[in-house]
Amino acid sequence: MTTATQNDTTSASAAGDKSAPLLEVEHLKTYFPVKRGLMKRTVGYVKAVDDVSFTVGHGETLGLVGESGCGKTTVGRTLLRLIPATGGSVRFDGTDVFDADRQTMQRLRRGMQIIFQDPVGSLNPRMTVGRIVGEPIQVHGLASGSALTDRVADLLNRVGLSPDYATRYPHEFSGGQRQRIGIARALGLKPKFIVCDEPVSALDVSIQSQVLNLLNDLQDEFGLAYLFVAHNLAVVEHFSDRVAVMYLGRIVEVADRDTLYADPRHPYTHALLSAVPLPKPIVEKKRIVLQGEVPSPSNPPSGCHFHPRCPLARTLAENAGGSDTVQIRINGESHTLMAKCVNESPTLDRIGGEDASHCAACHFSEEAKR
Ligand code: SF4
């Protein structure tokens, strides 16, 4: 196995070169200071995103999944510069995003948009739908007057809403319709890449599929690339070309969709997949219930961050010799785990050779086979 410092390619992308990745994220870090006392001194950091690397190709969807608080939303916002990065780099269409001056950033923002999770909170309740959708187009000087009105009508049409809705306010619409308004606003600048930040998790199940189908259709029509942030692996399976799994600020496994679902190699991915309901269960699937809460990213566990909750580290320790294991206390109880899991941080290694795109950060990825 070789360590994957970047999941696909290390070649720099150039604008217009569709064989190069559209988005290249390398060693991204987002730390939030923890301040205490009267003087508000920094006493530590919450490492929300800790050395994350991945790429997204033109027209590709990368699913980014994990439990609440794993840092997936922060990744999406940091790469768009909505949150300042602590370290690392992001290149979009050949341009360094973090080094971009104001003018360059304005150009980049046309190409990179976001759809928020909360369709209520993300729309200004005092603005009409027409103003909400048209505002970015106007700010970027792309249309005004009747041309802007026509463009807004066209966008509303495209997301399945009547152009007549342009004069109404957000509170007059259902959750699904408000999410469509958010999508129309994101499309206004003709982006190449959209961060979809849990775009359907606040919607009724019956509406979720409509919005997902709409995003799929728009991707086909406009060649959009998505970073699809979600906690639901069932949603990601039907929507993504590749999937990256995050735990406590790091990517612990990444692979093309079919490989990840058929041959997961990280115990955390196993646990997430065991919770996905099967439409027609042929074999009974055993649910893996993880013990304990997600640890605090301000004080992550030693070695592999997943070790206090890892079922595999316990099972392997039961069959291993004493020198390979260690006794530790977790939530007041004594447990025997593999010593390597507690002492050494695993790297994101390629599984199956130099060219393999399947990577997992587990010392025992071979034993983690189903
Ligand atoms: Fe579990 Fe050890 Fe693998 Fe971490 S390195 S996922 S603790 S088996």
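In this text the structure is predicted, and so the values were computed from the model without any measurement.

Before going further, it helps to spend a moment on the overall build of the protein chain. From N to C terminus, the protein chain includes 11 helices and 14 strands. Taking 2.2 N^0.38 as the reference for a compact globule, 370 residues should give roughly 21 Å; the C-alpha atoms of the protein chain span a radius of gyration of 22 Å, in line with that estimate. Counting only C-alpha atoms, the protein chain reaches 75 × 55 × 50 Å along its principal axes. Within the span of the protein chain, comprising 370 residues, buried residues form 50% of the whole. Long-range contacts, defined as pairs at least 24 residues apart, comprise 63% of the intrachain contacts of the protein chain with a sequence gap of at least 6. Total accessible area on the protein chain stands at roughly 17900 Å², and carbon and sulfur atoms take up 48% of it.

We now examine the environment of phenylalanine 222. Mapped onto the secondary structure, phenylalanine 222 falls in helix 6 (residues 205-222). Taking the C-alpha atoms as reference points, phenylalanine 222 and threonine 55, 167 residues apart in sequence, are found 20 Å from one another. Excluding residues that lie within four positions of it along the chain, phenylalanine 222 makes contacts with Arg158 and Leu187.

Interfaces are often described in size by the accessible area the parts lose on coming together. Under the domain assignment used here, the protein chain contains domain 1 (3-261) and domain 2 (264-360). Measuring from the centre of the C-alpha atoms in domain 1 to the corresponding centre in domain 2 gives 29 Å. At the interface, 26 residues of domain 1 touch 26 residues of domain 2. The contact between domain 1 and domain 2 buries some 2500 Å² in all, and 60% of this surface belongs to carbon and sulfur atoms.

Scanning the entire structure with this criterion turns up 0 disulfides. Cysteine 196 takes part in no disulfide bond, and the closest cysteine sulfur to it belongs to cysteine 70, at a distance of 16 Å.

Every residue close to the ligand is listed here: His266, Pro267, Cys304, Phe306, His307, Cys310, Leu312, Ala313, Cys341, Cys362, His363 and Phe364. Here the ligand is seated within the largest cavity. Grouping the constituent residues of the shell around the ligand by class yields 9 nonpolar, 3 polar and no charged.

In this section: the pairing of strand 7 (residues 193-197). Among the 5 residues of strand 7, 5 are classified as buried, and the element is accordingly described as predominantly covered. Of the two faces of strand 7, the one carrying Phe193, Val195 and Asp197 and the one carrying Ile194 and Cys196 are both buried. Relative to strand 7, strand 6 (residues 112-115) is paired through 4 bridges, and the arrangement is parallel. Across the sheet, isoleucine 115 pairs through a bridge with cysteine 196, a residue of strand 7.

Time to look at the environment of valine 152. Positionally, valine 152 belongs in helix 4 (residues 145-158). Relative accessible area serves as the criterion here: at 5%, valine 152 is assigned to the buried category. In this structure, the C-alpha to C-alpha distance between valine 152 and arginine 185, residues 33 residues apart in sequence, is 8.7 Å. With residues near it in sequence (within four places) discarded, valine 152 still touches Gly130, Val133 and Gly134.

Moving on to the confidence of the model for the protein chain. Chain-level statistics for the protein chain give a pLDDT mean of 89 and a share of 93% at 70 or above. Every residue in residues 1-13 scores below 50 in pLDDT, and together they form 44 contacts with partners more than four places removed in sequence or on other chains.

One non-glycine residue with positive phi stands out, namely glutamate 198, at about 45°. Within the fold, glutamate 198 resides in the loop between strand 7 and helix 6. With phi around 50°, leucine 248 is a residue other than glycine that occupies positive phi space. Positionally, leucine 248 belongs in the loop between strand 9 (242-247) and strand 10 (250-256).

Rules used throughout
Residues numbered from 1 in each chain as written. Predicted model: local features only at pLDDT ≥ 70, side-chain atom pairs only at ≥ 80, totals over all residues. Heavy atoms only, no water. Helix = DSSP H or I, 4+ residues; strand = E, 2+ residues; numbered from the N terminus. Rg over C-alpha atoms; globule rule 2.2 N^0.38 Å. Buried < 20%, exposed > 50% of the residue type's maximum accessible area, 1.4 Å probe, protein only. Contact = heavy atoms within 4.5 Å. Areas by Shrake-Rupley, 256 points an atom, 1.4 Å probe, with all protein chains shown as cover. Domains from an automatic or database assignment. Buried area = accessible area lost by both parts, 1.4 Å probe. Disulfide = S-S within 2.5 Å. Near = heavy atom within 4 Å. 1 Å grid on protein atoms, 1.4 Å probe; cavity = no way out; pocket = protein on both sides within 12 Å on 5 of 7 lines; lining within 4 Å. Sits in = over half its atoms within 2 Å of the grid points. Nonpolar A, V, L, I, M, F, W, Y, C, P; charged D, E, K, R; others polar. Pairing = 2+ DSSP bridges. pLDDT = per-residue confidence, 0-100.

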